[in-house]
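Geometric and topological summary
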Number of protein chains: 2
Amino acid sequence: MKIGFFQFEPKFLDVEENINQIISELEKSQTFDLIVLPELANSGYLFKKKEELEQVAEEIPGGTFVSHLESICKSKNAYIVAGVAEKKGSIFFNSSVLVGPEGYVSTYRKLHLFDREKLFFEPGNKPLEVYDIGKAKVGLMICFDWIFPETVRVLALKGAEIICHSANLVLPYSQTAMLARSVENAVFTITANRIGTEKNDELILSFTGQSQITSPKMKTLAKAEKDTIEIKIVEIDPELAKNKWINERNNLFEDRRVDYYAILT
Amino acid sequence: MKIGFFQFEPKFLDVEENINQIISELEKSQTFDLIVLPELANSGYLFKKKEELEQVAEEIPGGTFVSHLESICKSKNAYIVAGVAEKKGSIFFNSSVLVGPEGYVSTYRKLHLFDREKLFFEPGNKPLEVYDIGKAKVGLMICFDWIFPETVRVLALKGAEIICHSANLVLPYSQTAMLARSVENAVFTITANRIGTEKNDELILSFTGQSQITSPKMKTLAKAEKDTIEIKIVEIDPELAKNKWINERNNLFEDRRVDYYAILT
């Protein structure tokens, strides 16, 4: 199975330009079964007011951005996970979508919002779910969800073999933590981060790139640079993530001592 | 507050020699408030039969090994966490003890046994607890507990600021994962690993050293070599681990979305 990420620089408030960048790069790419794009890939990140979000966010499915993803998936016979500014009536979610050859599949709404996102987006209100895309089962999470080990744990316990992690990272910790997520759950992870800088009158944000793919044995299978537009695709065997036995006596899930974890919930 | 680890090579089945090594090194050490010793520091690791364990395991408190730790703590006016083969009636636990200037404090029994340990030890049967040692609150865990993110999470949610991780590591993953544990819980961690090799007719185990101390900001504050006997002590401010706010809007604990974590327990 071929999985990858597309690391690029979404242009703030310019959905059409972002669609064009994605189409242009993915259409000329080598084949893949699953590719992950960054968080808020349709819109850019640093909103100053809800009116800006109103301008670019879309209802899912049916909006411009997701419709274009559907076309790409059909033409490439592949799945895409991409961050989308989602509009739902009069409120907004920082979401990601799973789209495939047959069209739109589902939406994940970021459970753990980071910093100023809380000013514009509602916190996610849907369970963490797992989707069977034929060659593997995938789960979706977004950026800051990484710091809560519960996120990947829940997805993995529900059967996710590949974690699709759309991100707009500004801190340097996630790449190391996602290696831990991989080994502690025996899953593959794909972190698709963005690059570039956004600023307003108060704030400059520099996004840190270094998108990566990690394996159940804590290997970094692919890693991008800090500041370049890159597609990376690797071949994996998702069967490796089905096996939670790490030796003949230890199983990562069966060995959990849930009687002692009550405080977690 | 001065915290550290003592990385050494426990001699298999030779409690007296192990006590002597510990006394000799700790008595001549610079001052410390808390020091962590490896897993099974009284006994060594690679048991072939329960009779060997019978020979070295001790009731806690009151046994030779823990009594000597009490003497050291009194003389150094400090706390020690050390792995101990514990005997309780006719059964055995892979335990660690917390001992201080006033004597024995408590015992943790390893919840997640690794591989052949399951042949000799009972799985831990006590809750993960946190102890106030004056300058900080500490929690205890042992070796393979690292791979279950629930272990540190439970301790941190109960108030632990410093995680005392006695280990006999043979795999290369724990040091990276403990960096993640630090940042995701905003705690300090002390991993005290052992060095050296043990073998029997079937098996050779090489322990990997590289004991380390990590900070809530994912810094490695101290790290030992793979194969040398080392004490390392660093000065920390445990207040840093009391603060779970990582910016003005995000709190690592308050931001947890427990409604979506039900599967964890």
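The structure presented is a predicted model; accordingly, all values stated were derived computationally and were not measured. (Residues numbered from 1 in each chain as written. Chains lettered and ligands numbered in written order. Predicted model: local features only at pLDDT ≥ 70, side-chain atom pairs only at ≥ 80, totals over all residues. Heavy atoms only, no water.)

**A short note on the relation of the copies chain A and chain B**
Once turned by 180° and shifted 0.0 Å along the axis, chain A lies on chain B with an RMSD of 0.0 Å. Overall, the copies show the geometry of a two-fold rotation axis. Taken as a fraction of all interface residues of chain A, those also at the interface in chain B reach 100%, which identifies the copy contact as same-surface. (Least-squares fit on C-alpha atoms with pLDDT ≥ 70 in both. Contact = heavy atoms within 4.5 Å.)

**Thoughts on the interface of chain A and chain B**
At the junction of the two partners, chain A supplies 49 residues and chain B supplies 49 residues. Summed over both partners, the interface of chain A with chain B buries about 4,500 Å², with 65% contributed by carbon and sulfur atoms. Ranking the residues of chain A by area buried against chain B places Arg249(A), Tyr260(A) and Leu264(A) at the top, with a combined share of 15%. When the shortest N-O distance is used, the salt bridge between Arg153(B) and Glu150(A) registers 2.7 Å. (Buried area = accessible area lost by both parts, 1.4 Å probe. Salt bridge = Lys/Arg side-chain N within 4 Å of Asp/Glu carboxyl O.)

**Here's the deal with the sheet that holds strand E7 (residues 137–142) of chain B**
All names here are of chain B. Read across the sheet, six strands follow the order E6-E7-E8-E9-E12-E13 without closing on themselves; strand pairing throughout is mixed. For this open sheet the edge positions go to strand E6 (130–132) and strand E13 (220–223), each flanked by a neighbour on one side alone. Across the sheet, the mean angle separating the axes of adjacent strands is 20° when strand polarity is ignored. Along the sheet, helix H5 (residues 149–157) contacts E6, E7 and strand E8 (162–166); its crossing angle with E7, the most-contacted strand, is approximately 160°. Its contacts with the sheet place helix H6 (residues 174–185) against E7, E8, strand E9 (188–192), strand E12 (212–214) and E13, and it is angled at close to 25° to E12. (Pairing = 2+ DSSP bridges. Helix = DSSP H or I, 4+ residues; strand = E, 2+ residues; numbered from the N terminus. Axes fitted to C-alpha atoms, helices over the stretch in contact; angles between N-to-C directions.)

**Structural notes on the pattern of salt bridges**
For the structure shown, the criterion picks out 36 salt bridges over all chains. The partner of Glu184(A) in a salt bridge is Arg181(A), and the shortest N-O contact between them spans 3.1 Å. Taken together, the positions of Glu184(A) and Arg181(A), both in helix H6 (residues 174–185) and three residues apart, correspond to about one turn of that helix. Each member of the pair, Glu184(A) as well as Arg181(A), carries the same accessibility label: buried. Through salt bridges with shared partners, a single ionic network connects Arg181(A), Glu184(A), Arg181(B) and Glu184(B). (Buried < 20%, exposed > 50% of the residue type's maximum accessible area, 1.4 Å probe, protein only.)

**Quick word on the UniProt feature "domain: CN hydrolase" (unreviewed entry) in chain A**
The feature "domain: CN hydrolase" (unreviewed entry), as annotated in UniProt, sits at residues 1–238 of chain A in this numbering. From the first C-alpha to the last, residues 1–238 of chain A spans 7 Å; its make-up is 25% helix and 31% strand. (UniProt positions renumbered as here; feature names shortened; annotations may be inferred.)

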